[in-house]
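What follows is each chain in one-letter form.
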Amino acid sequence: MTPMGLFVSFEGIDGSGKTTQAHMLAEHLEGAGRDVVLTREPGGSPGAEEIRRLLLEGAGDRWSPETELLLFTAARRDHLERTIGPALAAGRVVICDRFADSTRLYQGLGRADLRPLVDQLHALMIGREPDLTVLIDMDPATGLERALARRGGEDRFESFGAEMQARLRQGFLDLAGEFSDRFVVIDGNRAVEAVAAEVRAAVAARLA
Ligand code: Z5A
């Protein structure tokens with residue numbers, strides 16, 4: 001019998017360690033014999049990866065907040081149609097580095113107050129939440145240090161100062177309260193392996 005698919009997303013402020021943890025979880029589950037798709041947003045399908053470049057490269061004011069929201073939603077729709085949906089239907093575990101909660105936060109509250117529009121577009125075009133969302137909660141100053149240490153070409157969003165990082169961290173904690181049925185909050189201010197062990201336990205509980 002095909003096992004049921006499971007959709008796990010990772011969220012957190014810039015530099016929180018979610019990419020590291022998503023990779024470690026994928027390796028662990030593959031080692032345990034699960035069929036895993038490790039993916040990310042924006043991106044995760046050929047079309048959405050093209051949109052990723054439009055979103056993450058270039059000047060900060062390249063798009064209006066509304067246009068940016070449409071681009072994130074278009075990328076997510078393609079990702080869902082071509083990668084996430086088929087993988088879940090085949091019983092695979094999908095691990096996604098960021099999903100719609102990032103839009104609720106960054107576009108809903110970050111650059112402009114667009115949360116009602118974010119929710120409307122999500123309901124119209126996406127209509128799917130992860131089964132489990134792992135929030136890697138991180139001290140904003142440490143997150144900022146880590147993020148600045150590995151700056152690359154994708155820096156359209158990475159001009160956030162310490163105050164904004166703190167606001168975003170609180171925003172994620174508020175989302176965890178709003179969607180408490182699917183969020184687990186894990187303290188990311190610890191050694192990588194200690195965080196990974198807690199992530200594995202949370203996922204094992206869902207898979208069971
Ligand atoms: N965005 C948006 O606005 N709306 C949306 O809908 C979506 C995204 C989906 C790019 O996202 C931007 O897109 C993002 C939000 C916006 N901008 N911001 N901010 P991204 O996910 O591609 O990029 P990111 O948020 O900057 O994440 P990242 O670069 O992947 O960082 P991370 O995943 O949080 O951390 P990491 O890469 O795993 O770790 C960072 C460093 O810390 C690295 O050197 C690690 O080795 C180290 N690390 C990790 N864990 C630890 C521990 N526990 N101890 C010590 N060091 C550690």
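Residues numbered from 1 in each chain as written. Predicted model: local features only at pLDDT ≥ 70, side-chain atom pairs only at ≥ 80, totals over all residues. Heavy atoms only, no water.

S.K.: Requested: an account of the pattern of salt bridges, with residues and values cited.
M.R.: Summed over the entire model, instances satisfying the criterion amount to 18 salt bridges. Residues R82 and D78 are paired through a salt bridge, measuring 2.7 Å at the closest nitrogen-oxygen approach. Here R82 and its partner D78 are both found in helix α3 (residues 65-89), 4 residues apart, which amounts to about one turn of the helix. For R82, a relative accessible area of 58% translates into the label exposed. The class of D78 is buried, set by a relative accessible area of 15%. (Salt bridge = Lys/Arg side-chain N within 4 Å of Asp/Glu carboxyl O. Helix = DSSP H or I, 4+ residues; strand = E, 2+ residues; numbered from the N terminus. Buried < 20%, exposed > 50% of the residue type's maximum accessible area, 1.4 Å probe, protein only.)

S.K.: How would you summarise the packing of aromatic side chains if you had to cite specific residues and measurements?
M.R.: Taken as a whole and assessed by the stated rule, the structure comprises 2 aromatic pairs. Aromatic side chains Y106 and F172 sit 6.2 Å apart centroid to centroid with 75° between the ring planes, which places their arrangement in the edge-to-face category. Pair noted here: Y106 is in helix α4 (residues 100-110) and F172 is in helix α7 (residues 162-178), with a separation of 66 residues, a long-range link. With respect to class, Y106 is no different from F172; both count as buried. (Phe/Tyr/Trp six-rings, centres within 6.5 Å; stacked < 30°, edge-to-face > 60°.)

S.K.: Explain the environment of M24 residue by residue, including any values.
M.R.: Structurally, the position occupied by M24 is in helix α1 (residues 18-31). Taking the C-alpha atoms as reference points, M24 and V203, 179 residues apart in sequence, are found 12 Å from one another. Excluding residues within four positions of it along the chain, M24 makes contact with V192, E193 and A196. (Contact = heavy atoms within 4.5 Å.)

S.K.: Which residues make up empty space enclosed by the protein, and what values do they have?
M.R.: In this structure the tally under the stated criterion is 2 cavities of 30 Å³ or more. Computed from the structure, the largest cavity encloses a volume of approximately 60 Å³. Together, L69, T73, R76, A100, T103, R104, V118, L121, H122 and I126 line the largest cavity. Where the lining of the largest cavity is concerned, the elements lending two or more residues are α3, α4 and α5 (115-125). Counted by class, the lining of the largest cavity contains 5 nonpolar, 3 polar and 2 charged residues. Estimates place the volume of the second largest cavity at around 40 Å³. (1 Å grid on protein atoms, 1.4 Å probe; cavity = no way out; pocket = protein on both sides within 12 Å on 5 of 7 lines; lining within 4 Å. Points joined across faces, edges and corners; volume = space filled by probe spheres on them. Nonpolar A, V, L, I, M, F, W, Y, C, P; charged D, E, K, R; others polar.)

S.K.: Please give an account of the sheet that holds strand β1 (residues 6-11) that cites residues and values.
M.R.: Reading across from one edge, β2-β3-β1-β4-β5 is the order of the 5 strands in this open sheet, with parallel pairing throughout. Single-partner strands in this sheet number two, and they are β2 (36-40) and β5 (183-187). With direction set aside, neighbouring strand axes in the sheet form an average angle of 20°. Pairing of β2 with strand β3 (residues 93-97) involves 5 bridges; the strand directions are parallel. Bridge pairing in β3 places R40 opposite D97. Taken strand by strand, α1 contacts β1, β2, β3 and β4 (132-137), and its axis lies near 165° from that of β3. (Pairing = 2+ DSSP bridges. Axes fitted to C-alpha atoms, helices over the stretch in contact; angles between N-to-C directions.)

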